[in-house]
Amino acid sequence: MKAAENQKITKRSLCSVSVAAGKVAAITLIANGLLVGAAVAAPPVIELEIRDHLFYPAEFTVPADTKIKLLIHNMDPTPEEFESYELNREKVIPGNRRAVIFIGPLKPGTYPFFGEFYPKTAQGKILVQ
Amino acid sequence: MLINSVILILQETLEAALLIGVLLAINAQLRCHHRWLWYGLSTGAIIAALFALNMGSVAEWFDYAGQEVMNTVMQSLICLFLAAAVWLVSGLNRFQLGAWQQYGHYFGRLCGLIIMLAVIREGQEIMLYLGGFFSSGKHLQQVTMGSIIGFGIGASSGILLFYGLVGLPATWTKPVSLTLLALFAGTMLSQSALQLTQVDWIEQTAPLWDSSALLAEDSLLGELLYALVGYESKPTAAQVVSYIAGVCLVLIAAFRGSRYKRQHHLKQHHLKQQSGETA
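Residues numbered from 1 in each chain as written. Chains lettered and ligands numbered in written order. Predicted model: local features only at pLDDT ≥ 70, side-chain atom pairs only at ≥ 80, totals over all residues. Heavy atoms only, no water.

A. Quick peek at the sheet that holds strand β9 (residues 123–128) of chain A. Residue and element names in this part refer to chain A. Taken in spatial order, the 5 strands of this open sheet run β3-β9-β8-β5-β6, and their pairing is mixed. Edge positions in the sheet fall to β3 (59–62) and β6 (89–93), since each of these pairs with one other strand and no more. Direction aside, neighbouring strands of the sheet carry axes that sit 20° apart on average. The pairing of β3 with β9 spans 4 bridges and is parallel. (Pairing = 2+ DSSP bridges. Helix = DSSP H or I, 4+ residues; strand = E, 2+ residues; numbered from the N terminus. Axes fitted to C-alpha atoms, helices over the stretch in contact; angles between N-to-C directions.)

Here it is in structure tokens:
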């Protein structure tokens, strides 16, 4: 009897906590929504390839203050992870698959990136001008 | 290859290990059973394997945003479950637990779900990484050794945190643990904001600050703080807002939870007094 009562209470109170959680989540979504700008023109696409745990091209230049779409083809049968602390990006790309990562708008400078699974060979940098 | 594997596996294990350490510390203080740990770990590992095997197709969902969307869903769920778990145990101590048995049960179930999600998130990447080496057969010995060492350090950190929390003065264990859970919830939402920025679902804005010169994210302390409290050297506004929202959500749950139990306790006390008077 008591256990059943407790169970009922717990269920009711879990409801109230989920309502509160919902409110906070909604606020976050709205806040995030405010940060979402209207997509203007499609950003320029830069294609990269991973072959034998190397990036091709390993170095390329992109314009400053511009959003760029990186399209990375992993030609190796093994997965790789594109990672860059400077760009704050991290994404696994399974073997023989493609991945899309958006970067920028960036300030002028050099932004190194690497493949976390084969960091010795898979290295590159983006020059932003 | 050895050092790379140590670092990679450590990075992936650390976050989950620390989270498990905190949940176990709360559990130990309440003296609840911890079967949920094993359920969470095993189901998490199985689902992670399924994800890793199908990562190729999952990644292509939503126009190549599949990984990010899945991660965001899992991270948001972890945040909500943490809030609910914190609500359940706030204001509860082991002396009352007899009357509040159900709370212990629900807490256990939620912990199981949280751990399952944490293991799926980190496990799938470990499995993809190791799967690549096992299929190619190269560097196998070094990678295996490195992974074992990395996993060992990660697991030890979780155990160390557990004993650190349990070893605190009894009145401190729960507040400190709950604070860590609140920061962890913030980390989850902040990471999901970053994931959505990466696939352009949230607009990239200039970082609010850059503390990479002060404390680099790839330094030892940086990595530890990243796993423990979600340290980012160059966070965007979306990340900071999400982080604060996650922390607040859990803190609100903690206050609401203990207030609810106090009021309910008083009500029961009055009822008992009344029934005593009529008798």
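B. Focus on the interface of chain A and chain B. With 43 residues of chain A at the contact, the number on the chain B side is 52 residues. A combined buried area of about 4,500 Å² lies between chain A and chain B, and 58% of that area is made up of carbon and sulfur atoms. Between the two partners, chain A and chain B, sit 4 salt bridges. Across the contact surface, chain A and chain B share 16 residue pairs in polar contact (both at pLDDT 80 or more). At the level of elements, α1 (2–35), β6 and β7 (98–103) of chain A are the ones that each hand at least two residues to the side of chain A that touches chain B. The dominant element in the side of chain A that touches chain B, judged by the number of residues it contributes, is α1 of chain A, at 16 residues. Here the side of chain A that touches chain B is built from residues that sort into 22 nonpolar, 10 polar and 11 charged. (Contact = heavy atoms within 4.5 Å. Buried area = accessible area lost by both parts, 1.4 Å probe. Salt bridge = Lys/Arg side-chain N within 4 Å of Asp/Glu carboxyl O. Polar contact = N/O pair within 3.5 Å; in protein donor to acceptor, adjacent residues only side chain to side chain. Nonpolar A, V, L, I, M, F, W, Y, C, P; charged D, E, K, R; others polar.)

C. Spatial organisation of the sheet that holds strand β1 (residues 45–51) of chain A. Residue and element names in this part refer to chain A. In space, the 4 strands of this open sheet follow the order β2-β1-β4-β7, with mixed pairing throughout. Two strands close off the open sheet at either side, each with one partner strand: β2 (54–56) and β7. Neighbour-to-neighbour, the strand axes of the sheet open up by a mean angle of 25°, direction not taken into account. Pairing analysis gives 6 bridges linking strand β4 (residues 68–74) to β7, with the strands arranged antiparallel. Paired with His73 across the strands is Arg98, a residue of β7.

D. A look at a nonpolar patch on the surface. All names here are of chain B. On the surface, a cluster of nonpolar side chains totalling about 500 Å² of accessible area is made up of Leu2, Ile3, Ile7, Met145, Ile149 and Ile153. Of all the secondary-structure elements, those providing two or more residues to the nonpolar patch are α1 (2–30) and α7 (140–167). Position of Leu2 relative to the elements: it lies in helix α1. The class of Leu2 is partly exposed, set by a relative accessible area of 33%. (Patch = residues over 30% accessible without salt bridge, like charges linked within 9 Å, V, L, I, M, F, W, Y side chains within 5 Å. Areas by Shrake-Rupley, 256 points an atom, 1.4 Å probe, with all protein chains shown as cover. Buried < 20%, exposed > 50% of the residue type's maximum accessible area, 1.4 Å probe, protein only.)

E. View of the side chain of Arg89 of chain A. Mapped onto the elements of the fold, Arg89 of chain A is located in strand β6. For the buried Arg89 of chain A, which has no salt bridge, the nearest side chain bearing the opposite charge is Asp200 of chain B, at an N-O separation of 7.6 Å. A polar contact of 2.5 Å, which involves the side chain of Arg89 of chain A, links it to the side chain of Gln204 of chain B. Apart from residues lying up to four places away in sequence, Arg89 of chain A is in contact with Phe82, Glu83, Ser84, Ile101, Phe102 and Ile103 of chain A together with Leu194, Thr197, Gln198 and Gln204 of chain B. (Lys, Arg positive; Asp, Glu negative; His and termini not counted.)

F. Structural view of unusual backbone geometry. Residues and elements named next belong to chain A. With omega at -10°, the peptide bond leading from Tyr56 into Pro57 counts as cis. Note that Pro57 resides in the loop between β2 and β3. Of note, the bond from Gly104 into Pro105 is cis; its omega dihedral lies within 30 degrees of zero at 5°. One can find Pro105 in the loop between β7 and β8 (109–115). A positive phi angle, close to 60°, is found at His53, a residue other than glycine.

G. Layout of empty space enclosed by the protein. All names here are of chain B. On inspection of all chains with the given rule, the structure shows 1 cavity of 30 Å³ or more. Computed from the structure, the largest cavity encloses a volume of approximately 50 Å³. Along the walls of the largest cavity sit Glu15, Leu18, Leu19, Val22, Leu180, Leu181, Phe184, Ala227 and Leu228, which together make up its complete lining. Contributions of two or more residues to the lining of the largest cavity are made by α1, α8 (170–198) and α9 (220–229). For the lining of the largest cavity, the element with the highest residue contribution is α1, accounting for 4 residues. (1 Å grid on protein atoms, 1.4 Å probe; cavity = no way out; pocket = protein on both sides within 12 Å on 5 of 7 lines; lining within 4 Å. Points joined across faces, edges and corners; volume = space filled by probe spheres on them.)

H. The arrangement of the pairing of strand β5 (residues 80–84) of chain A in detail. All names here are of chain A. Most of β5 sits out of view: 5 of its 5 residues are buried. Across the two faces of β5 the burial is the same, with Glu80, Phe82 and Ser84 and Glu81 and Glu83 all buried. Note that β5 and β6 share 5 bridges and pair antiparallel. From the neighbouring strand, Glu80 faces β6, where its bridge partner is Ile93. Remark: 4 residues form the turn of the hairpin made by β5 and β6, two consecutive strands paired antiparallel; Asn88 in that turn has positive phi of roughly 60°. Pairing of β5 with β8 involves 2 bridges; the strand directions are antiparallel.

These figures come from the coordinates and say nothing about function on their own.
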